[in-house]
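Reading the structure
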Amino acid sequence: MKDTPRHFTTQLAVIGSGIAGFAASIFALNRKIAIAQVGNSGALAYTTGYLDLIGKRNDAVVSDPWQALAKLRESEPKHPLSRVDAGDIQRAFTEFTDFLGACGLAYSAPGAGNITALTPVGTLKQTLCVPATMAAGPRALTANSPCVIVDFKGLKGFSGVELAANLRERWPQLTTQRIGFPGMERGEIYPEVMARALEVATTREQLAEALNAVAGTATVIGVPAILGMHRPDQVRAELKRLTGREIFEIPTMPPSVPGIRLRELFQQVLPQKGVSLIPQQKVTSLSFDGDGATLALRDAFGPIRIHAQAVILATGRFLSGGLDAHPAGIREHLLDLPVTQAADRADWYRARYTDPRGHPINSAGIEVDDSFRPLTREGRRYHERLFSAGVILAHQDWIRGRSGAGIAIATAFKAVTEAERFLAGRQAMFPGAPPVQCH
Ligand SMILES: Cc1cc2nc3c(=O)[nH]c(=O)nc-3n(C[C@H](O)[C@H](O)[C@H](O)COP(=O)(O)OP(=O)(O)OC[C@H]3O[C@@H](n4cnc5c(N)ncnc54)[C@H](O)[C@@H]3O)c2cc1C
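Overview of the structure.

**Description of the nonpolar core**
- Ranked by size, the top nonpolar core spans 91 residues in total, and within it Phe-27, Phe-96, Phe-266, Leu-286, Ile-306 and Ile-409 carry the most contacts.
- Looking at this core, the element that brings in the most residues is helix α11 (residues 404–429), giving 12 residues.
- Among all residues touching Phe-266, those that are not within four sequence positions of it are Phe-22, Ile-26, Leu-44, Phe-96, Leu-100, Pro-271 and Leu-277.
- In this structure, Val-150, Phe-152, Leu-211 and Ala-225 belong to the second largest nonpolar core, which totals 44 residues.

Here it is in structure tokens:
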């Protein structure tokens, strides 16, 4: 009995629960497409929370990502961002951040230019959208406001002294202080535990008192990203009220609270909105026939089969398991799709780690056509029902381009648009198509 599969029938199956997978589910939900999503834990918990579009190009800092996008189209037409209309990219970011805001995790809207944001070590990076909890930091930096960075005894990987030293020239009015975190004054402490503790009013009151005791004449206080897990905007607003000063977060080293916040929000909200979300699991096989696609996987209760009319593959690269690197070459894990890569393993990396051109392995990935359907070795569509999104796509080095979330969100938008077109075509051809079911 335990091995009798449970069957789900849906319109769209999304494989992957990184930013691309979750963005695809959000876009599909907004288009009233029935969705099942499966994903193991991936890179999401590592992200800073910033949503980058293009932060660097040819090793130079980019302040206008839209202009950089226009240049990218000319120089790298195969780059996934070059293959999505700029208006659609803007719409995708707006739809994604609006959804987060409506679910209680406010983000700045995508603007005309990049925001200069702080990294955990006090360097600066260019990004398109920042969580509302972090927005006061870039503003205070630009205004050179009197600001104190407060770090905590026992918290590793976040040093106010390091931040202030690296930012001294840009931000002369920046100082730093170290305090104990309320109730965790001894031993090692962790951002996730601190964030959950700040969901409690008493901890917030005690922290506000401790912050005020060291803030001196500073009008702005920067802290590591610990301002609550589920209601960070409220936690920040209350600390602002209690201290009478502007408060902002700075991302910490991974795993980071802003990434965990995103993951927990998606896992909580999407099922409430009707997505059949199967978290912490991997699809072990994906097959297609005339009726649709079948995904096979297993959870603690036994095997599961998902029958879908269309599938979006958003399984990421090496860290998340979408691609595997073997001595003989790089392989796509689920369907053995051809992977564009250097001809020889010896060419994966350049001799110098800091080579400004980057390393060829970081641009490996699968090929898609203009409808974001993966291609076979012969250059044909793998299947009309299969679409792909995210950093599994070839011809981009998202780390060098500072474009991780941008590639994920833009290509998810495109893949969902194309999947919707396909599903609408099927509906027109087969008006009696079965409704979405779970049994
Ligand atoms: C340390 C770090 C910091 C980052 N900082 C930033 C930042 O500041 N700004 C920014 O814009 N981006 C940042 N990113 C990038 C961002 O988090 C994403 O990695 C990126 O947007 C790619 O998203 P993705 O969904 O395509 O892939 P991933 O995030 O890699 O997600 C792939 C998903 O597919 C799942 N998967 C794989 N195989 C299967 C299978 N067989 N069945 C089911 N699921 C499967 C994985 O478990 C995972 O959930 C950072 C990433 C890292 C690692």
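**A closer look at unusual backbone geometry**
- For the bond from Pro-254 to Pro-255, the omega torsion is -5 degrees, close enough to zero to count as cis.
- With respect to the helices and strands, the residue Pro-255 is situated in the loop between β10 (246–250) and α9 (257–272).
- Positive phi values are uncommon outside glycine, yet Lys-32 reaches one of about 60 degrees.
- At His-395, a residue that is not glycine, the phi angle is positive and equals roughly 70 degrees.
- Take His-395: it is sitting in the loop between β19 (386–388) and α10 (398–401).

**Let's talk about the site of the ligand**
- Around the ligand sit 33 residues, and of these Asn-40, Thr-48, Val-283, Ser-320 and Ala-405 come closest.
- One nitrogen or oxygen atom from the main chain of Asn-40 is found 2.7 Å from an oxygen atom belonging to the ligand.
- Between an oxygen atom of the ligand and a side-chain N or O atom of Ser-320, the distance comes to 2.5 Å.
- Relative to its free-state accessible area of 980 Å², the ligand is covered by the protein chains to the extent of 92%.
- When contributions to the shell around the ligand are tallied by element, the ones reaching two or more residues are α1 (19–30), β2 (35–39) and α11.
- Ranked by residues supplied to the shell around the ligand, first place goes to α11 with 3 residues.
- When grouped by side-chain class, the residues that make up the shell around the ligand number 15 nonpolar, 15 polar and 3 charged.

Each value, and the rule that gives it
Residues numbered from 1 in each chain as written. Predicted model: local features only at pLDDT ≥ 70, side-chain atom pairs only at ≥ 80, totals over all residues. Heavy atoms only, no water. Core = buried A, V, L, I, M, F, W, Y, C linked by side-chain atoms within 4.5 Å. Buried < 20%, exposed > 50% of the residue type's maximum accessible area, 1.4 Å probe, protein only. Helix = DSSP H or I, 4+ residues; strand = E, 2+ residues; numbered from the N terminus. Contact = heavy atoms within 4.5 Å. Near = heavy atom within 4 Å. Polar contact = N/O pair within 3.5 Å; in protein donor to acceptor, adjacent residues only side chain to side chain. Areas by Shrake-Rupley, 256 points an atom, 1.4 Å probe, with all protein chains shown as cover. Nonpolar A, V, L, I, M, F, W, Y, C, P; charged D, E, K, R; others polar.

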